[in-house]
Amino acid sequence: MRTIEVKEGTTISITISGIRVAYSCYGKVTSLNGEPEPGVVVEAVGQGEGCDLYQEEAKTEQDGTYRIRGLQPKCQYDVHLKTGPVNTHIERSGPKSRLIQVVDQDFTDIHIIAFRRMNQVDISGNVVTAEEFLASLKAPPVREDSPDSPVHSITLGRSTFFYFPTLQMDSTKYTLRLECSLPRSQYEFVNPEVSFTANMSFKHYKFMFEPKRKMVDQELTPGSFLILLVIGVVVLVVYNYQTVVPMVTQALGQMQGFAQQQQQHQQHRHQGLGGGAEAFAEANPSESSPTRKRVKARKAQ
């Protein structure tokens, strides 16, 4: 510091020079459609040893512009939207952060796009499985406080991708479980599930579904044994028809002859019984008569 005396009526020329010890960062925060985002806090945090103690911030103006002052030379800074109790209406930004290396000049055009927080949550997902199982799958999200009441229920059909109607962004906890209608008596499978909190505008999940068919051991019943016996006989006849057919023909002939002998024997027996009855009737006509007159005895006079 230097004191200069200026006398009345005199003119003194003084040259002042200075050394710049800090620099600034200029930029603008807008929405995705280009509208300015006023009142958003942007901060620059020093990186690395000796610079991690520095932190500067600024709030955007009505036109979305900001200026962060006091950036130290030879330091690297991470420029991003400040988190915590500020910027609560902002969900995320793009890019998430910018790294700048301060040397001997200001930084300009460090623009940031801010995405406002929405009050709805979109849920989507896809299932990796064989096409034949898609029709048996559905995905109902349920609230953890009421697991027996699905909020929605989506049947996959022929598509591996599914998309739910929007949910309210109220930090409610949900469970999304993949359900299958395949019979457990024939398949072994696990129903995959995931839990999430409705605190972000969009969530996507991927499920793996790989059912395995069970090896079913059939119980042998008397009917099964009979079928096996019939099949065995048919196979035996087909492979030995030259030997079996004559034997079967001979057996059928013997059975037919036996049946004829029995029939002739029955006829002879009936004829013998009929002749005996006729001979008995001729020898005893009174016995053979169907009616007999009984003579009543008279009383003595």
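Up top you'll find the structure we're talking about.
Residues numbered from 1 in each chain as written. Predicted model: local features only at pLDDT ≥ 70, side-chain atom pairs only at ≥ 80, totals over all residues. Heavy atoms only, no water.

Colleague: Before we move on, could you go through the sheet that holds strand 11 (residues 141-143) and cite the residues and values that matter?
Modeller: With antiparallel pairing, four strands are arranged side by side in an open sheet as 12-11-16-19. One side of each edge strand has no neighbouring strand; the edge strands of this open sheet are strand 12 (146-150) and strand 19 (193-197). Strand-to-strand twist across the sheet, computed as the mean angle between neighbouring axes with direction ignored, equals 35°. (Pairing = 2+ DSSP bridges. Helix = DSSP H or I, 4+ residues; strand = E, 2+ residues; numbered from the N terminus. Axes fitted to C-alpha atoms, helices over the stretch in contact; angles between N-to-C directions.)

Colleague: Residues and numbers for the environment of Val 45, please.
Modeller: With respect to the secondary-structure elements, Val 45 resides in strand 2 (residues 41-47). Take Val 45: its relative accessible area is 23%, and that puts it in the partly exposed class. Remark: the alpha-carbon pair of Val 45 and Leu 71, spanning 26 residues in sequence, is separated by 9.5 Å. When neighbours within four sequence positions are excluded, Val 45 is seen to be in contact with Tyr 54, Gln 55, Gln 76, Tyr 77, Asp 78 and His 80. (Buried < 20%, exposed > 50% of the residue type's maximum accessible area, 1.4 Å probe, protein only. Contact = heavy atoms within 4.5 Å.)

Colleague: Tell me about the nonpolar core, and please be specific about residues and values.
Modeller: Val 127, Phe 162, Leu 176 and Phe 209 are the most contacted members of the largest nonpolar core, which has 24 residues in total. Breaking this core down by element, the ones donating at least two residues are strand 9 (120-128), strand 10 (137-139), strand 16 (173-177) and strand 20 (202-208). By residue number, the principal contributor to this core is strand 9, which donates three residues. In contact with Phe 162, not counting residues within four places along its chain, are Ser 124, Gly 125, Asn 126, Val 127, Ala 139, Ile 154, Leu 156, Leu 176 and Phe 207. Cys 25, Val 29, Ala 44 and Phe 107 belong to the second largest nonpolar core, which has 22 residues in total. (Core = buried A, V, L, I, M, F, W, Y, C linked by side-chain atoms within 4.5 Å.)

Colleague: Which residues make up the side chain of Thr 30, and what values go with them?
Modeller: Inspection of the secondary structure puts Thr 30 in strand 1 (residues 23-30). The contact partners of Thr 30, leaving out residues within four places of it in the chain, are Glu 35, Pro 36, Glu 37, Ile 112, Ile 113 and Ala 114.

Colleague: So what's going on with the pattern of salt bridges? Which residues, and what values?
Modeller: Considering all chains together, one arrives at five salt bridges under this definition. The closest approach of N and O atoms between Glu 37 and Arg 116, which form a salt bridge, is 3.0 Å. Pair noted here: Glu 37 is in the loop between strand 1 and strand 2 and Arg 116 is in strand 8 (residues 112-116), with a separation of 79 residues, a long-range link. A residue is classified by how much of its surface remains accessible, and Glu 37, at 4% relative accessible area, is buried. The class for Arg 116 is partly exposed, based on a relative accessible area of 46%. (Salt bridge = Lys/Arg side-chain N within 4 Å of Asp/Glu carboxyl O.)

Colleague: Pulling in residues and values, what's your account of the sheet that holds strand 2?
Modeller: The strand order across the open sheet formed by four strands is 3-2-5-7, and the pairing between neighbours is antiparallel. The sheet terminates laterally at strand 3 (55-59) and strand 7 (98-101), the two strands that pair on one side only. Neighbour to neighbour, the strand axes of the sheet diverge by 25° on average, direction disregarded. Summarising the sheet, strand 2 and strand 5 (residues 76-81) pair through six bridges and their orientation is antiparallel. For Val 45, the partnering residue across the bridge sits in strand 5 and is Asp 78.

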